[in-house]
Amino acid sequence: MNIRLIASAAVSFIVGMLLPTSRALAQTVTIDNVTIVDVSSGRLQANKSIVVGGKRIARIEDASVATRATATIDGTGMFVIPGLWDMHVHAYFTNDTSRFHTTNDVMFPLFIVNGVTGVRDLGSNLDATLAARDSVAAHQLIGPRMLVSGPMIDGPTTRYAAAIKVTTGDEARAAVRMLKARGVDLIKTQTLVPKDAYFALADEAARIGIPFEGHVPREITGLEAVRAGQRSFEHMIGVTDTNTKLIAALAQNMVWQCPTVINSVGTSSDFANDPGIPYWLRSAVDGWRATAKTQAALPDSAARAANQRATRRLALVKQLYDAKIPLLAGTDAPAGYDLVPGASLHRELQLFVRAGLTPLQALQTATLNPARYFGKTDSWGTIEPGKVADLVLLARNPLVDIANTRQVVAVVADGRYYSPRELDRMRVRIMELVAK
């Protein structure tokens, strides 16, 4: 087994990038006279004052002269939703420590300015991800809450740096035990895991009590993955609209789907109109621009074929939803085409609506559903007293138009308040860094 771990110097590098603790302490915050979007029911609770104390929502009151006097921000005419989740990202998709500053200085702040206060990392350098997860939780590093797999478990010919190569069942079991001992939240399977190793991984994960999720490997059928206890399928790999037996099994066993449709339906027009482009690395954007140019030059027949594939992909999302198979919003950022961290999540929600979900149903895939997925509805997913203060203040109602999730005015992440001016400063700083 080839387990790639970075040297302790990488951890020192990350610690050196942390923001001073005094700048990131949780604060007492009052958002006054705002409309709360209840993502469970779709009801709007108007003229409310939300008081955050420490990392939790202390109370919710009717707005009044008294609440106005203590307000941190006036939410008149605005809407507040729970913090958003991107449920499929890769924060440190490399073992090159010289590139980690991109994640710390650009990617993590981008999540916050886009209202993404939580992420599920499904394949990253182990030491770097664990250090970042803990530093964000301690309010020493600006970024989203992280639940992480560490490196993916893949077959012996994997091309990914952030992966553990396994060939046998014993190697797979050893990898699962090591990752659990290091403190990861879950195990991520990749495409090339051999069949015997996959079933050994599933058995070991169940034995020691850690969930596993990810790709359905090539040597495994979707039904076999369901029976093995895989908690989620990523990218709808192994799922087709004609396999009704599998769809029934997915529904019966509540196997979550994270479709990442953004990764398969992106067009040159999407790239040309992506408002996130000015906030991402020039080298990556140049590569995406070349891809967009190639797409735009395709003959009409090829463009029609691509559109038909996208239509089928979106139809499958709706079919899964109608079958009561739970969905999660995730984008694979930044490991793909036109995936600006944070910004990509908004486009995924728009694609869900294009597939036939209502704005509320789409919003649930990035708020309430992640809380259900992690078994944390007592703390996350809705705006209620006692819950963790992950809040996004929007200028417009997302239930009228899901694109309004982009209209971020202010953010509270784990009780830490980011004002409109602070978000603007962060955006300007990010643009400076990516232009270099």
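Structure's up top.
So, here's what we can say about the structure.

Basis of the calculations
Residues numbered from 1 in each chain as written. Predicted model: local features only at pLDDT ≥ 70, side-chain atom pairs only at ≥ 80, totals over all residues. Heavy atoms only, no water. Pairing = 2+ DSSP bridges. Helix = DSSP H or I, 4+ residues; strand = E, 2+ residues; numbered from the N terminus. Axes fitted to C-alpha atoms, helices over the stretch in contact; angles between N-to-C directions. Contact = heavy atoms within 4.5 Å. Expected span 1.5 Å × (residues − 1). Buried < 20%, exposed > 50% of the residue type's maximum accessible area, 1.4 Å probe, protein only. Polar contact = N/O pair within 3.5 Å; in protein donor to acceptor, adjacent residues only side chain to side chain. Parallel < 35°, antiparallel > 145°, perpendicular 65-115°, else oblique. Left-handed = near helix turned anticlockwise from the far one by under 90°. Nonpolar A, V, L, I, M, F, W, Y, C, P; charged D, E, K, R; others polar.

## Concerning the sheet that holds strand 8 (residues 116-121)
Adjacent strands of a sheet pair through backbone hydrogen bonds, lying either parallel or antiparallel.
Okay, so step 1: Across the sheet, which stays open at both edges, the three strands sit in the order 7-8-9 with parallel pairing between neighbours. The outermost strands of the open sheet, each flanked by one partner alone, are strand 7 (84-89) and strand 9 (145-148). Across the sheet, the mean angle from the axis of one strand to that of its neighbour is 15°, orientation sign disregarded.
Okay, so step 2: Pairing geometry for strand 7 and strand 8, over four bridges, is parallel. Bridging across to strand 8, valine 89 finds its partner in aspartate 121.
Okay, so step 3: Strands in contact with helix 13 (residues 343-355) are strand 7 and strand 8; relative to strand 7, the strand with the most contacts, it is inclined by about 100°.

## Comments concerning unusual backbone geometry
Glycine aside, a negative phi is what most residues show, and trans is what most peptide bonds show.
Okay, so step 1: In the segment running from alanine 333 into proline 334, the intervening peptide bond is cis, with an omega of -5°.
Okay, so step 2: Considering the arrangement of structural elements, one finds proline 334 in the loop between helix 12 (300-322) and helix 13.
Okay, so step 3: Despite not being glycine, histidine 139 has its phi angle at roughly 60°, a positive value.
Okay, so step 4: Secondary-structure assignment places histidine 139 in the loop between helix 4 (126-137) and strand 9.
Okay, so step 5: Phi angles above zero are rare outside glycine, and methionine 236 is one such case at about 55°.
Okay, so step 6: Note on placement: methionine 236 falls in the loop between strand 14 (232-234) and helix 8 (244-252).

## Structural notes on helix 6 (residues 195-208)
Okay, so step 1: In a regular helix each residue adds 1.5 Å, so 14 residues correspond to 20 Å; helix 6 covers 20 Å between its end C-alpha atoms and thus fits that length.
Okay, so step 2: Of all the residues in helix 6, the buried ones are Ala197, Tyr198, Ala200, Leu201, Ala202, Glu204 and Ala205.
Okay, so step 3: Phi turns positive one or two residues past the end of helix 6, at glycine 209, with a value near 80°.

## Details of helix 4
Okay, so step 1: With 12 residues, helix 4 should cover 16 Å at 1.5 Å per step; its first-to-last C-alpha distance of 17 Å lies within 8% of that length.
Okay, so step 2: Helix 4 sits mainly inside the fold: 10 of its 12 residues count as buried.
Okay, so step 3: Every buried residue of helix 4 is listed here: Leu126, Asp127, Ala128, Thr129, Leu130, Ala131, Ala132, Arg133, Ser135 and Val136.
Okay, so step 4: Here helix 4 starts with a cap whose side-chain oxygen sits 3.4 Å from the backbone nitrogen of aspartate 127, and that cap is asparagine 125.

## Some thoughts on the packing of helix 4 against helix 5 (residues 169-182)
Okay, so step 1: Contact geometry of helix 4 with helix 5 gives a least axis separation of 11 Å together with a crossing angle of 30°. With respect to helix 5, the axis of helix 4 lies roughly parallel. Two packed elements cross with a definite hand, and for helix 4 against helix 5 that hand is right-handed. Within the contact between the two elements, helix 4 uses Leu126, Asp127 and Leu130 and helix 5 uses Met178, Leu179 and Arg182.
Okay, so step 2: Among the residues forming the contact of helix 4 with helix 5, the class breakdown is four nonpolar, no polar and two charged.

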